[in-house]
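Architecture at a glance
So you can see what is in the structure, the chains are spelled out below.
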Amino acid sequence: MEHRGTEAAEQAAAMITAAGMPRMPARVLMALVAAPAGGYTAAELAERLEVSPAAVSGAVRYLQDAHFARRLPSAGHRRDRYDLVADSFHSVVIGNLPVYTRMADYVEKIAAETGEEPAAAERAAQMAGFLRFMAERMPQLVDEWIAQRDANPA
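Going by the annotation in an unreviewed UniProt entry, the name recorded for the protein is DNA-binding transcriptional regulator GbsR (MarR family), with Microbacterium natoriense given as the source organism.

Quick look at the structure:
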């Protein structure tokens, strides 16, 4: 199997890992970005990344739970294939907006509970404000992205 874009994929995976995603799911995610139509089998991912099939299995499960990857059953074949979910990045962002709002609610409660500690109340208020801002603006940004993408197809 050809290893196209391995260096760039590893660098991108390292950045995603630095942002909080576990290392192996980040590596599998970037391998799926470079996957041919129809994705890869777990064995192909393991070979491409030079890791064990068990490592790929856990990473794929993580990516499926996070709605980045999907399993593609192959009729007549025992091995499933894995591919990225279409528009997964902005779908995941939009899907997490309720989390931002709920988190802001909890952080505002923390601010109310720390009313006697002005510095803590201020930190909590700033965090809640940021989370609410993100929850309000992110749908608009995604809509702008979709309009830009559709106006300038690659």
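Moving on from the coordinates now.
Let us now look at helix H3 (residues 42-49). Along H3, the residues classified as buried are Leu45, Ala46, Arg48 and Leu49. The buried residues of H3 occupy one face: seen down the axis, they fall within an arc of 165°. Tucked inside the fold, the buried residues of H3 contact helix H1 (6-18), helix H2 (23-33), strand S1 (40-41) and helix H4 (53-65). Glu50 lies just past H3 and shows a positive phi near 55°.

As a further point, take the side chain of Thr41. As for its position among the elements, Thr41 is in strand S1. Residue class for Thr41 comes out buried when judged on its relative accessible area of 9%.

Definitions and limits used
- Residues numbered from 1 in each chain as written.
- Predicted model: local features only at pLDDT ≥ 70, side-chain atom pairs only at ≥ 80, totals over all residues.
- Heavy atoms only, no water.
- Buried < 20%, exposed > 50% of the residue type's maximum accessible area, 1.4 Å probe, protein only.
- Helix = DSSP H or I, 4+ residues; strand = E, 2+ residues; numbered from the N terminus.
- Arc of directions from axis to C-beta.
- Contact = heavy atoms within 4.5 Å.

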